[in-house]
Amino acid sequence: MAEAAYIFLENVVFSRSGRRVFDGLSLQIPRGKITAIMGPSGTGKTTLLRLIGGQLKPESGSVLVDGHDIPKLRRGALFQLRKKMGMLFQSGALFTDVSVYENVAFPLRVHTKLPEDMIRDIVLMKLEAVGLRGARDLMPAELSGGMTRRVALARSIVLDPELIMYDEPFAGQDPIAMGVVVKLIRQLNIAMGLTSVLVSHDVPESLNICHYACILSDGKVIGAGTPEQLREHSSDKVQQFLQGKPDGPVPFHYPAPERAVDFGLGAKQ
Amino acid sequence: MAQRTTEIIVGLFVLAGMGAMMFLALQVSGLSLAAAGSTYTVYADFTDTGGLGPRGRVSMAGVQVGSIESIELDRDTFKARVTLSIDSDVNNIPADSAAMIRTSGLLGEQYIDISIGGDLESLQPGDNFYTTQSAMNIERLISNFASGR
Amino acid sequence: MMDAIARLGKNTLDFLASFGRASQFLLGVLVGVPKPSVGLPLLLKQIYSVGVLSLVIVVVSGLFIGMVLGLQGYTILSDFGSESAIGQMIALTLVRELGPVVTALLFAGRAGSALTAEIGLMKATEQLSSMEMMGVDPLRRVIAPRLWAGFLSMPILAVVFSMVGILGGMLVGVEWLGVFEGSFWGNMQASVDFRDDVLNGVIKSVVFGFVCAWIAVYQGYDCVPTSAGISSATTKTVVYSSLAVLGLDFILTAVMFGNF
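What counts and how
- Per chain, residues are indexed from 1 in the order of the written sequence.
- Whichever chain is written first becomes A and whichever ligand is written first becomes 1, with later ones labelled in order.
- Note on the predicted model: pLDDT of at least 70 is required for a residue's local features to be given, and 80 or more for side-chain atom pairs to be given and counted; whole-chain, interface and lining totals, by contrast, use all residues.
- Runs of E in the DSSP output that reach at least two residues are strands. Runs of H or I that reach at least four are helices, and both are numbered from the N terminus.
- Here a residue counts as buried when 20 or more other C-beta atoms fall within 10 Å of its C-beta, as exposed when 12 or fewer do, and as partly exposed in between; the C-beta atoms come from the backbone.
- Our contact criterion uses C-beta atoms placed from the backbone: two residues qualify when those atoms are within 7 Å.
- Residues are grouped as follows: nonpolar covers Ala, Val, Leu, Ile, Met, Phe, Trp, Tyr, Cys and Pro; charged covers Asp, Glu, Lys and Arg; every other residue, Gly included, is treated as polar.
- For two strands to be treated as a pair, DSSP must find at least two bridges joining them.
- With axes taken as lines fitted to C-alpha atoms, and helix axes fitted only over the stretch in contact, angles between N-to-C directions fall between 0 and 180 degrees.
- Oblique is the label for any angle not covered by the other classes, which are roughly parallel (under 35 degrees), roughly antiparallel (over 145) and roughly perpendicular (65 to 115).
- For a crossing to be left-handed, the near helix must be turned anticlockwise from the far one by less than a right angle; the clockwise case is right-handed.
- Core membership is restricted to buried Ala, Val, Leu, Ile, Met, Phe, Trp, Tyr and Cys residues, and these are joined into a nonpolar core through C-beta atoms within 7 Å.
- Two axes are fitted around each residue, one to the seven residues ending there and one to the seven starting there, and the angle between them is reported as the bend at that residue.
- For every residue, the predictor states its confidence as a pLDDT score lying anywhere from 0 to 100.

Novice: Would you mind showing me how to read the overall build of chain C here?
Specialist: Counting its secondary structure elements, chain C contains nine helices and zero strands. For chain C, the spread of C-alpha atoms along the principal axes amounts to about 70 × 60 × 35 Å. Residues counted as buried form 48% of the 260 residues belonging to chain C. Sequence separation of at least 24 residues holds for 87% of the intrachain contacts in chain C that already meet a minimum separation of 6.

Novice: Any chance you could explain the interface of chain C and chain A here in plain terms?
Specialist: A common way to state how big an interface is: give the accessible area lost once the parts meet. In this complex, chain C contributes 11 residues to the contact, which on the side of chain A involves 15 residues. For the side of chain C that touches chain A, the per-class residue count stands at three nonpolar, five polar and three charged.

Novice: Can you help me understand the interface of chain C and chain B in this one?
Specialist: The partner chain B presents 23 residues to the 27 residues of chain C that form the contact. Contributions of two or more residues to the side of chain C that touches chain B are made by helix 2 (36-50), helix 4 (86-124), helix 6 (138-176), helix 7 (181-191) and helix 8 (194-222) of chain C. Tallying contributions element by element places helix 6 of chain C first for the side of chain C that touches chain B, with six residues. Considered class by class, the residues forming the side of chain C that touches chain B number 20 nonpolar, four polar and three charged.

Novice: Looking at this structure, I do not really get the sheet that holds strand 2 (residues 57-60) of chain B. What am I missing?
Specialist: Strands pair in a sheet through their backbones, by hydrogen bonds, and they do so in one of two ways: parallel or antiparallel. All names here are of chain B. Reading across from one edge, 1-4-3-2-6-5-7 is the order of the seven strands in this open sheet, with mixed pairing throughout. Because the sheet does not close on itself, it has two edges, and the strands there are strand 1 (39-46) and strand 7 (131-133). With strand direction ignored, the average angle separating the axes of adjacent strands in the sheet is 30°. Relative to strand 6 (residues 110-115), strand 2 runs parallel, the two sharing two bridges. Residue pairing for strand 6: serine 59 is matched across the bridge by aspartate 113.

Novice: Help me understand the packing of helix 8 of chain C against helix 9 (residues 227-257) of chain C in this model?
Specialist: If you want to describe how two helices pack, look at the angle between their axes and the distance between the axes. Residues and elements named next belong to chain C. Closest axis-to-axis distance for the helix 8/helix 9 pair is 9 Å, and the angle between their directions is 155°. Considered as vectors, helix 8 and helix 9 are oriented roughly antiparallel to each other. Read as a crossing pair, helix 8 and helix 9 show a hand that is right-handed. In this structure, helix 8 uses Asn200, Lys204, Val207, Phe208, Val211, Cys212, Ile215, Ala216, Gln219 and Gly220 to contact helix 9, whose residues at the interface are Ala233, Lys236, Thr237, Tyr240, Ser241, Ala244, Val245, Leu248, Asp249, Leu252 and Met256. For the contact of helix 8 with helix 9, a count of residues per class yields 13 nonpolar, five polar and three charged.

Novice: Before we go on, may I ask you to explain unusual backbone geometry in this structure?
Specialist: Residues other than glycine predominantly adopt negative phi, and peptide bonds predominantly adopt the trans conformation. All names here are of chain A. A positive phi is found at aspartate 66, a non-glycine position, where the angle reads about 50°. On the secondary structure map, aspartate 66 appears in the loop between strand 4 (60-65) and strand 5 (68-69). On the basis of neighbour count, aspartate 66 is assigned to the partly exposed category, with 16 C-beta atoms found within 10 Å. The phi dihedral of aspartate 160 is positive, around 50°, even though this residue is not glycine. Counting through the fold element by element, aspartate 160 comes out in the loop between helix 5 (145-156) and strand 7 (163-167).

Novice: Would you explain the pairing of strand 10 (residues 220-225) of chain A in this entry?
Specialist: Moving residue by residue along a regular strand, the side chains alternate between the two faces of the sheet. Residues and elements named next belong to chain A. Here strand 9 (residues 212-217) runs beside strand 10; their pairing, made up of five bridges, is antiparallel. Bridge pairing in strand 10 links alanine 213 to glycine 225. Following strand 9, the chain reverses through two residues before pairing antiparallel with strand 10; aspartate 218 in that reversal takes a positive phi of roughly 50°.

Novice: How should the nonpolar core be read in this particular structure?
Specialist: Note on soluble globular proteins: their nonpolar side chains tend to be buried together. A:Ile37, A:Met165, A:Leu198, C:Leu157, C:Val160, C:Cys212 and C:Val217 are the most contacted members of the largest nonpolar core, which totals 136 residues. Here this core gets 19 residues from one element, more than from any other, and that element is helix 6 of chain C. Here C:Leu157 is in contact with C:Gly51, C:Ser54, C:Leu55, C:Val58, C:Thr103 and C:Phe107, once residues within four sequence places are set aside. B:Val82, B:Ile93, B:Ile114 and B:Ala135 belong to the second largest nonpolar core, which has 19 residues in total.

Novice: I tried to follow the arrangement of the chains on my own but got confused; where do I start?
Specialist: Once contacts are tallied for each of the two pairs of chains in contact, the highest total is for chains B and C. Considering only C-alpha positions, the minimal separation of the non-contacting chain A and chain B is 12 Å.

Novice: What is the right way to look at the pairing of strand 5 (residues 98-103) of chain B in this model?
Specialist: Residues and elements named next belong to chain B. Judged from the six bridges that link them, strand 5 and strand 6 form a sheet pairing that is antiparallel. Each bridged residue has a counterpart across the sheet, and for arginine 102 the counterpart in strand 6 is tyrosine 111. As paired strands, strand 5 and strand 7 are joined by three bridges and run parallel to one another. Bridging from a neighbouring strand, alanine 98 pairs with threonine 131 of strand 7.

Novice: What exactly am I supposed to notice about helix 4 of chain C here?
Specialist: Residues and elements named next belong to chain C. Taken as a whole, helix 4 carries its principal kink of about 55° at leucine 94. Burial runs high along helix 4: 28 of the 39 residues are buried. Looking one or two residues beyond helix 4, the residue adopting positive phi is glutamate 126, at roughly 65°.

Novice: Sorry, what's going on with the sheet that holds strand 3 (residues 34-38) of chain A here?
Specialist: All names here are of chain A. A sheet is described by the order of its strands in space; here six strands give the open sequence 6-7-8-3-9-10, paired in mixed fashion. The open sheet has two edge strands with one neighbour each: strand 6 (85-88) and strand 10. Each adjacent strand pair in this sheet contributes to an overall mean axis angle of 15°, direction not counted.

Novice: What's the story with the environment of C:Val202 in this structure? I'm lost.
Specialist: With respect to the helices, strands and loops of the structure, C:Val202 is situated in helix 8. Separated by 48 residues in the primary sequence, C:Val202 and C:Met154 place their C-alpha atoms 9.1 Å from one another.

Novice: Could you clarify how one ought to interpret the environment of A:Asp23 in this entry?
Specialist: Residues and elements named next belong to chain A. If you trace the backbone, aspartate 23 turns up in strand 2 (residues 19-30). Overall, aspartate 23 belongs to the partly exposed group, with 13 C-beta atoms counted inside 10 Å. On a C-alpha basis, the gap between aspartate 23 and glycine 219 in space is 5.1 Å, while along the polypeptide they are 196 residues apart. When near neighbours in sequence (up to four residues on either side) are disregarded, aspartate 23 contacts Val13, Gly219 and Lys220.

Novice: Would you mind showing me how to read the confidence of the model for chain A here?
Specialist: Low-confidence regions, as indicated by low pLDDT, have predicted coordinates that should not be scrutinised in detail. Per-residue pLDDT for chain A has a mean of 82; in total, 97% of the residues score no lower than 70. At the low end of the mean pLDDT range in chain A sits helix 11 (residues 265-268) of chain A, at 59; at the high end sits helix 4 (residues 116-129) of chain A, at 88.

Novice: I would appreciate a short explanation of the packing of helix 3 (residues 55-79) of chain C against helix 6 of chain C in the present structure.
Specialist: Residues and elements named next belong to chain C. Closest axis-to-axis distance for the helix 3/helix 6 pair is 7 Å, and the angle between their directions is 40°. One way to sum up the angle between helix 3 and helix 6 is to call them oblique. Seen from above, helix 3 lies across helix 6 with right-handed handedness.

Structure below.
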């Protein structure tokens, strides 16, 4: 697995507003496979994607993508490398002032000098792939949540990237839309050989489509491997997360003073 | 199509700005396009310039013919030396004309009026006015009148 | 006591830090000038939404302010029997002061707040972030055209404001109150100097345009990407722009028209 890895994270330390988000995180993401990164809310899964994309810089440790050391790259080289990355944001992040067609055409217009009819063909092909060729003239405000995400997906693959990152692709989707997204992620991986990184806290869907998964908690990887390996994992924390138990190593109660003190029971005696 | 409309509207917007600028230049500040550059300089010495200031009006028979460049104190004579720039079309001011400081209205601004002499020769660039009349100082006038001198 | 001093120190440091960030941000925006073929359409679109759409409020306000100046000036000046100086009074106040300042205040309220809200919303909906991930610098693509549009639109709006105001003053003074039209314009032309008054007024509006647009785009870009954050950034834009305009106006007036 090591020689095929596309992304290496080594001992990454990162804090935001005084809170340590990652504390010596090490992680490998294999090339051409779907890797799911799971963990409870607030463990910095989205932050991880931003570190890979170079939008944030770690305090220490290294982030290697396809052999490039992201934090040390110059701005120009980083922007060049990002052409090979696609990212699907949680909200879709479509440009609200232009149509679906223009949204998908945007990366082509900025990064290539293709003639207009060629851009048109590519855009329609990508829209066809997500099943929204007919929606090209709609404005983003006219789309449903699921459609927004599909358009955003079409936009992030329009430059034929090597890596695509999905930020919570299943969050807030109805079952049909979720099924569509699952199907698209799998198809794209097979058809284009994309390295896919999937950040989610929806355990069944993620384990269903990923080849590898790793579970983050408290700034560290607590479990990694294939879905089967994870299901057999010995750690209590992993089992609690996978099975969604309300109480366990991750406590149900936020740290609080003793009940007796808070409810004033101690004083009565 | 939308791009073209935007271009046209923005073009009109810029034109409106240029039009307003022209209005401010020509109608409001009275800048005339021809006058630029074609002036010549003459000097006048006054014992008292009163409230005269740079950019003030220089006129003949009530018509503006130039403006005041600068006012300085001559350290030898202790008079005020006023530099006037006169439009070059008015190049036939008789050499013995007098420059006098006058006030437009009772409280208006002060300006220089050139009262015409009878000499056949005219003032040349760099010449001095032979006779000048300083600003009328109302306060001094009244005190003179009151003390009966 | 020590707490108060510490708070003062902290506030000063915070202010300096945010000013430093804003300057760095400005540098980032100005350094990357996009190619004309890409940048020009973006700039035109922004001049349209920042400048052209502010034209109506500027024209209407200019008209009314000019008319009020005409009325007030007439009542005061007619006490001295010099109501013919009304043209000069209106023109000088508008061209030197009210034109640039009121336009800048209107601009901050109309266009500045809209810019902040728009950019803030683009940040909150991750549009800026996704642009960055597509290898496009949002500073150049989104911020720079807006900054330049504000910078270029303000002087145009200010001269239009002054012109409309003077015409409004003439409407009241000449058409309604019966000041002789010849002396209205004549007095005005005798006392307004193109370079000292008109051009200095334009320079003021250029400075204001720059400051207002800078504050607006920076507040949008730097805002906390939540609804509360955007609304507070919008408020900050209007408050900071107004204060900056009035403060700078004093300094500029002292430099331009003061006799030191």
